Amino acid sequence: MKQINLYKSKKKYLSVLFVLLVGVGGYFYPLVGLLVIGLIILAVALNFRSTRYFCGHICPNGASLSTVLTPISRKRRLPQFLYAPEIRRALCGFMLFCMVNLLVRFGRAWSEVGRIFWAIYVISLGISYTMGLFYKPRAWCAVCPMGTLQDTIAGTSGKGEVKAES
C-alpha cells in the first residue's frame, strides 16, 4: 500500500489555492499583486542558501503546475534551444524591461504597483500553463525569469530543470 505524504499533499493544494487567490483576487483587489514582489524577494534571498532552492521547495507556481497538469500534460520535452542561457536571459531581460517600463509609466500608487505585478504574474501563468499542457507540466521552470535571475546571481548557467519536492 502506497503511503501518502500529507505535508506534500497539503503543500500542492495550498500552492494551487495561492495561485488562484493571486490570479483571481488580484483582479478585484490590486494590492494582492504585491504578494508577487514578496515571492521575488524571497526567491532572491533564498538563492544565497542554495541556487534555485526557492524553485524546488517553495515556488507556488511550479507546485501548482505539477498538481494541475500532470494528469493532462503531453509530457514532451521542450525544444533544446529553450534551454540555452541566452534565450532564458533574453526572456528575463524582456520581462524586467516590461516591469520597469510599466512601473515608471503607471506605478504612482501601491494599488497600481500591485496591478502591474499581478498582470505580469497572470501573463506568466498563462504562458506556463500553456507550455505545461504541450510539454512537461513544469516546462515553464526551464525558462522562468525568476529561475534565470537566480542562476545569474549565483553565477551558474543553470540547466532549467528543477528537481522539486512536488
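Preceding block: the structure.
The structure reproduced in this document is the subject of the present report. Source: prediction; values computed, not measured.

Calculation rules
- Residues numbered from 1 in each chain as written.
- Predicted model: local features only at pLDDT ≥ 70, side-chain atom pairs only at ≥ 80, totals over all residues.
- Heavy atoms only, no water.
- Helix = DSSP H or I, 4+ residues; strand = E, 2+ residues; numbered from the N terminus.
- Contact = heavy atoms within 4.5 Å.
- Areas by Shrake-Rupley, 256 points an atom, 1.4 Å probe, with all protein chains shown as cover.
- Buried < 20%, exposed > 50% of the residue type's maximum accessible area, 1.4 Å probe, protein only.
- Axes fitted to C-alpha atoms, helices over the stretch in contact; angles between N-to-C directions.
- Parallel < 35°, antiparallel > 145°, perpendicular 65-115°, else oblique.
- Left-handed = near helix turned anticlockwise from the far one by under 90°.
- Nonpolar A, V, L, I, M, F, W, Y, C, P; charged D, E, K, R; others polar.

This paragraph deals with the overall build of the protein. Across its full length, the protein holds seven helices and zero strands. Beginning at the N terminus, the succession of helices and strands in the protein can be written as α-α-α-α-α-α-α. The contacts in the protein between residues at least 6 apart in sequence include a share of 79% that link residues at least 24 apart. Entry remark: accessible area of the protein is about 9800 Å², with carbon and sulfur atoms responsible for 69%.

What follows covers the environment of L21. Note that L21 resides in helix α1 (residues 6–28). The class of L21 is exposed, set by a relative accessible area of 53%. Distance in space between the C-alpha atoms of L21 and V32 is 8.3 Å, their sequence separation being 11 residues. The residues touching L21, leaving out its near neighbours within four places in the chain, are G26 and V32.

Orientation of helix α2 (residues 34–47) relative to helix α7 (residues 145–154), taken along the N-to-C sense of each, is 30°, at an axis distance of 10 Å. One way to sum up the angle between α2 and α7 is to call them roughly parallel. By crossing handedness, the relation of α2 to α7 is classed as right-handed. Residue-level contacts link I40, A43, V44 and N47 of α2 to M146, L149, Q150, I153 and A154 of α7. Grouping the amino acids of the contact of α2 with α7 by side-chain chemistry returns seven nonpolar, two polar and no charged.

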